[in-house]
There are 2 protein chains.
Amino acid sequence: MKEYVSILKKTKLFAGVGEEEISAMLSCLSARMQIYKKGDYVLRQGTHLSDITILVAGALHIQKDDYWGNRSILGHIGVGEIFGEAYVAPESGVLINDVVAIEDSAVIFFDVKKIITTCPSACQFHTRVVQNMFFTISEKNKKLVQKLDHMSKRSTREKLLSYLSEEAQKQNSSTFTIPFNRQQLADFLSIDRSAMSNELSKMRKEGLLDFEKNCFRLL
Amino acid sequence: MKEYVSILKKTKLFAGVGEEEISAMLSCLSARMQIYKKGDYVLRQGTHLSDITILVAGALHIQKDDYWGNRSILGHIGVGEIFGEAYVAPESGVLINDVVAIEDSAVIFFDVKKIITTCPSACQFHTRVVQNMFFTISEKNKKLVQKLDHMSKRSTREKLLSYLSEEAQKQNSSTFTIPFNRQQLADFLSIDRSAMSNELSKMRKEGLLDFEKNCFRLL
DNA sequence: ACAATACCGTTGTATTTACAACAGAATGGA
DNA sequence: TCCATTCTGTTGTAAATACAACGGTATTGT
């Protein structure tokens, strides 16, 4: 786990906390790490989770497959992001999505109860981490609201533009890359892949945008 | 504000805290209350918010209207529920939705920073409230994930069944009422009202469910 | 009590989307 | 390098949805 402390230091969860304090807290909070190969399930729908988790290497998708194999992707988790935050409350029930490694990945699990019930004055930086976690979950919340905003659009084109605009804004550039291939983007926006490809082509013809692979530019 | 302490006592945010402690905390946290008439805007898209808010009377909708007057409803807030939790983080930006009173309502605003930065040992129950708020935001998070689950369904029928099933489960009964009229339900699920009415009728004919006004029964 | 308004279901038509199939390009492994 | 696999854009058709319009029924306010 030691090798990832420098990664943790850069995350929002540990913002303002030094590497040594992080190391100390890892044992104090009885954190455990797990390695996954591309394609492995990190968490499975229907199971319980009482940990908060943070990705320190690789990338994950939070997704769900129905009976007919139709997949819908709830979100993409990059290095430094947390997940499982919707299930920290007691009686929050079971997971309603799978979490899958789309690259070789490493995940650290923290016992949530230890984080929030241990007296914050125990470690000097504990208070800070509690605050950070608070804000992180709130940000996550906003992300979900934004995704709902895309999904509430009625047409394929509107959904695409809504999502791409947000990415451009988030990456602070009209040229940006997205963490999805075509099928994944379609599954993320809950639209048909071929219809989406079609719409992208039309928009390119109309001069609204340009793209190559997963790199896009809004015009 | 005094008259709503008994309401606050029943909320998840103040679970485990007595009425007297709540009264004490209200001033300690410099809470302020605001009254709204049906139809009033509680919060407006594009503005900043650094408070966490709790509804103590009435009902609210979190919604958004586009240029053409098409409305989409993100969520319904009932008495005891919090809102604005997605914007407590510093630099979380401006609101992307309006919050509107759909009945005469009363809202209490708390300064988030005071809640989480004041030393939790100051008031005996402060720690408890911080934990409660933590869990409440997490639950809110789960709610959003569930709504995304409905919205990711491809057809009108699937969206309806997904939503109605969740309501039945939440209210622990196959007979239940929903807090929306038809137009609002359509705006909530991002589908066409007439198509929805049509689909509901079909499902009733098929014996899948029954309904009258906003009272439904799954069969 | 009555008028005005809002709500709900229904229908028909135009538009959009889903689905299936395919070919060329890119990618990855042996 | 070559073969198998995946990824992407395109097309045509079937199916679903959006939109507009309408009448009947509640609801509201005066």
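Residues numbered from 1 in each chain as written. Chains lettered and ligands numbered in written order. Predicted model: local features only at pLDDT ≥ 70, side-chain atom pairs only at ≥ 80, totals over all residues. Heavy atoms only, no water.

Draft legend 1. Examining the interface of chain A and chain B more closely. If you look at the interface, chain A gives 42 residues, while chain B gives 42 residues. Where chain A abuts chain B, roughly 3,800 Å² becomes buried across the two surfaces, and 67% of that area is made up of carbon and sulfur atoms. When the buried surface of chain A facing chain B is broken down by residue, Phe134, Lys142 and Leu148 of chain A rank first, second and third, together holding 19% of it. In this assembly, chain A and chain B are joined by 2 salt bridges. With a closest N to O distance of 2.8 Å, lysine 64 of chain A and aspartate 149 of chain B form a salt bridge. Summed over the shared surface of chain A and chain B, the result is 10 residue pairs in polar contact (both at pLDDT 80 or more). A total of 18 residues in the side of chain A that touches chain B trace back to one element, the largest contributor, which is helix 4 (residues 126-151) of chain A. (Contact = heavy atoms within 4.5 Å. Buried area = accessible area lost by both parts, 1.4 Å probe. Salt bridge = Lys/Arg side-chain N within 4 Å of Asp/Glu carboxyl O. Polar contact = N/O pair within 3.5 Å; in protein donor to acceptor, adjacent residues only side chain to side chain. Helix = DSSP H or I, 4+ residues; strand = E, 2+ residues; numbered from the N terminus.)

Draft legend 2. Examining the sheet that holds strand 5 (residues 71-77) of chain B more closely. All names here are of chain B. Taken in spatial order, the 4 strands line up as 2-7-4-5 in an open sheet, and their pairing is antiparallel. Each edge of the sheet is formed by a strand with only one pairing partner; in this case those strands are strand 2 (41-43) and strand 5. Adjacent strand axes in the sheet meet at a mean angle of 35 degrees when their direction is disregarded. Across 6 bridges, strand 4 (residues 60-65) lies against strand 5 in antiparallel orientation. Along strand 5, the bridge assignment pairs histidine 61 with histidine 76. Each of strand 4 and strand 5 is contacted by helix 6 (residues 182-189), which is oriented at about 100 degrees to strand 5, the strand it contacts most. (Pairing = 2+ DSSP bridges. Axes fitted to C-alpha atoms, helices over the stretch in contact; angles between N-to-C directions.)

Draft legend 3. Spotlight on the domain arrangement of chain A. Residue and element names in this part refer to chain A. Partitioning chain A into domains gives domain 1 (2-138) and domain 2 (150-218). Distance from the C-alpha centre of domain 1 to the C-alpha centre of domain 2: 28 Å. Counting from both sides, the interface comprises 7 residues of domain 1 and, opposite them, 5 residues of domain 2. Here domain 1 meets domain 2 over a buried area of about 530 Å², counting both sides, of which 63% is carbon and sulfur. Our enumeration of links across domain 1 and domain 2 arrives at 0 salt bridges. Taken together, the connections running from domain 1 to domain 2 amount to 1 residue pair in polar contact (both at pLDDT 80 or more). At 6 residues, the largest contribution of residues to the side of domain 1 that touches domain 2 is made by strand 5 (residues 71-77). Residue composition of the side of domain 1 that touches domain 2, by class: 2 nonpolar, 4 polar and 1 charged. (Domains from an automatic or database assignment. Nonpolar A, V, L, I, M, F, W, Y, C, P; charged D, E, K, R; others polar.)

Draft legend 4. Region of interest: helix 4 of chain A. Helix length check: helix 4 of chain A, at 26 residues, gives a terminal C-alpha distance of 37 Å against a target of 38 Å (1.5 Å per residue), a fit within 8%. Among the 26 residues of helix 4 of chain A, 21 are classified as buried, and the element is accordingly described as predominantly covered. (Expected span 1.5 Å × (residues − 1). Buried < 20%, exposed > 50% of the residue type's maximum accessible area, 1.4 Å probe, protein only.)

Draft legend 5. The arrangement of the protein's contact with DNA strand D in detail. Lining the immediate environment of DNA strand D, one finds 15 residues, of which Arg182, Asn198 and Ser201 of chain A together with Thr156 and Lys213 of chain B sit closest. Backbone sugar and phosphate groups make up 61% of those atoms of DNA strand D lying within 4 Å of the protein. Within the contact set of DNA strand D, a base nitrogen lies 3.0 Å away from a side-chain nitrogen or oxygen of arginine 193 of chain A. One of the backbone N or O atoms of aspartate 192 of chain B is found 3.1 Å from a phosphate oxygen in DNA strand D. (Near = heavy atom within 4 Å.)

Draft legend 6. Summary view of the packing of helix 4 (residues 126-151) of chain B against helix 5 (residues 156-170) of chain B. Residues and elements named next belong to chain B. Relative to each other, helix 4 and helix 5 sit at 145 degrees, their axes nearing to 8 Å. Within the contact between the two elements, helix 4 uses Lys143, Gln146, Asp149, His150 and Met151 and helix 5 uses Lys159, Ser162, Tyr163, Glu166 and Lys170. Across the contact of helix 4 with helix 5, the residue classes break down as 2 nonpolar, 3 polar and 5 charged.

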